[in-house]
Amino acid sequence: MRARRTVPEFGNVQPGEPMTRRPTTVNGLRLRHILGRQDWSVPQPYGEDGWRLRAIDGNGMVIVSAAPWDDGVMWIHASMARAASVPSYADLQLLHRAAFGEHGFSYQVFPPRDAHINIHDRVLHLWGRADGQPVLPDFGRWGTI
């Protein structure tokens with residue numbers, strides 16, 4: 001008999017049992033709807049506040065999770081990995097729309113080499129505030145970027 005595990009704030013969950021009533025910042029079913037139900041699996045819980053979806057054809061994975069940062073602001077991290085190549089620009093546009101909506105801001109980050117962390121060679125990441133607010137100046141303010 002497998003022991004029940006306790007998940008903070010979510011109560012006791014049997015191993016393998018979905019956490020269907022857990023509170024989340026990111027809507028997993030909305031992610032799948034925008035990414036495409038025909039292309040992506042049913043969202044599976046990931047971490048304390050996130051979802052993982054696998055490409056039905058085996059060619060990728062999406063992880064979207066949320067966490068408060070030092071300033072108390074809730075941030076979303078969205079990543080997409082592909083099996084044989086880096087995700088395309090169209091893939092990132094779709095991921096942005098699914099995780100941040102039509103009006104939210106998200107960013108790719110290019111840190112200095114000594115601060116770079118990546119656990120997969122063919123994954124790209126987007127970061128943004130959960131409330132969708134920009135954190136950079138409006139670089140298009142004068143009509144162009």
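Right above here is the structure, for reference.
Rules used throughout
- Residues numbered from 1 in each chain as written.
- Predicted model: local features only at pLDDT ≥ 70, side-chain atom pairs only at ≥ 80, totals over all residues.
- Heavy atoms only, no water.
- Buried < 20%, exposed > 50% of the residue type's maximum accessible area, 1.4 Å probe, protein only.
- Helix = DSSP H or I, 4+ residues; strand = E, 2+ residues; numbered from the N terminus.
- Arc of directions from axis to C-beta.
- Contact = heavy atoms within 4.5 Å.
- Patch = residues over 30% accessible without salt bridge, like charges linked within 9 Å, V, L, I, M, F, W, Y side chains within 5 Å.
- Areas by Shrake-Rupley, 256 points an atom, 1.4 Å probe, with all protein chains shown as cover.
- Salt bridge = Lys/Arg side-chain N within 4 Å of Asp/Glu carboxyl O.
- Pairing = 2+ DSSP bridges.
- Axes fitted to C-alpha atoms, helices over the stretch in contact; angles between N-to-C directions.
- Core = buried A, V, L, I, M, F, W, Y, C linked by side-chain atoms within 4.5 Å.

Trainee: For this particular structure, what's the right way to read helix 1 (residues 28–35)?
Mentor: In an α-helix, one turn spans 3.6 residues; hence positions three or four apart end up facing the same way. Buried within helix 1 are the following residues: Gly28, Leu31, Arg32 and Leu35. End-on, the buried residues of helix 1 take up no more than an arc of 95°, which puts them together on one face. Exposed side chains of helix 1 directed beyond 90 degrees from the buried face belong to Leu29 and His33. Buried residues in helix 1 make contact with strand 4 (50–54), strand 5 (60–68), strand 6 (74–82) and helix 2 (89–100).

Trainee: Is there a simple way to think about a nonpolar patch on the surface in this case?
Mentor: A cluster of nonpolar side chains, Val135, Leu136 and Phe139, forms an exposed patch at the surface whose accessible area comes to about 280 Å². With respect to the element layout, Phe139 can be found in the segment after strand 7 (123–129).

Trainee: What is the right way to look at the sheet that holds strand 7 in this model?
Mentor: Sheets are built from strands paired through backbone hydrogen bonds, the pairs being either parallel or antiparallel. Strand order in the open sheet formed by 5 strands is 3-4-5-6-7, and the pairing between neighbours is antiparallel. Looking at which strands have only one partner, the edges of the open sheet turn out to be strand 3 (44–45) and strand 7. Lying on the sheet, helix 1 is in contact with strand 4, strand 5 and strand 6; it crosses strand 4 at an angle near 35°. Packing against the sheet, helix 2 makes contact with strand 5, strand 6 and strand 7, and its axis sits at approximately 145° to strand 6.

Trainee: Any chance you could explain the pattern of salt bridges here in plain terms?
Mentor: Think of it this way: side chains of opposite charge can pair up when their charged atoms draw near. Overall, the coordinates contain 3 salt bridges when judged by the stated rule. Between Asp91 and Arg82 there is a salt bridge, with the nearest N and O atoms lying 3.0 Å from each other. Like Asp91, the residue Arg82 is buried in the burial classification. Salt-bridge contacts for Arg97 lead to Glu102; the nearest nitrogen and oxygen are separated by 3.6 Å. Among the residues examined, Arg97 registers a relative accessible area of 31% and is labelled partly exposed. Assessed through its relative accessible area of 58%, Glu102 is described here as exposed.

Trainee: Would you take a moment to explain the nonpolar core for this structure?
Mentor: Inside soluble globular proteins, nonpolar side chains tend to come together where they are buried. In this structure, Leu31, Leu35, Val62, Val64 and Leu95 are the most contacted members of the largest nonpolar core, which totals 20 residues. Elements represented by at least two residues in this core include exactly helix 1, strand 4, strand 5, strand 6 and helix 2. Tallying contributions element by element places helix 2 first for this core, with 6 residues. Setting aside residues up to four positions removed in sequence, Val62 forms contacts with Leu35, Trp40, Trp51, Arg52, Leu53, Ser79, Met80 and Leu95.

Trainee: Even after reading the chapter, I still don't get the pairing of strand 5, so can you show me in this structure?
Mentor: Two faces, one strand: in a regular strand the side chains alternate between the faces of the sheet. Here strand 4 runs beside strand 5; their pairing, made up of 5 bridges, is antiparallel. Across the sheet, Gly50 pairs through a bridge with Ser65, a residue of strand 5. A loop of 5 residues connects strand 4 with strand 5, the two strands running antiparallel in sequence, and Gly58 in this loop sits at a positive phi of about 80°. In terms of strand pairing, strand 5 meets strand 6 through 9 bridges, oriented antiparallel. Among the inter-strand pairings, Gly60 is bridged to a residue of strand 6, identified as Arg82. Once strand 5 ends, the chain turns through 5 residues before running back antiparallel as strand 6, passing Gly72 with a positive phi of about 85°.

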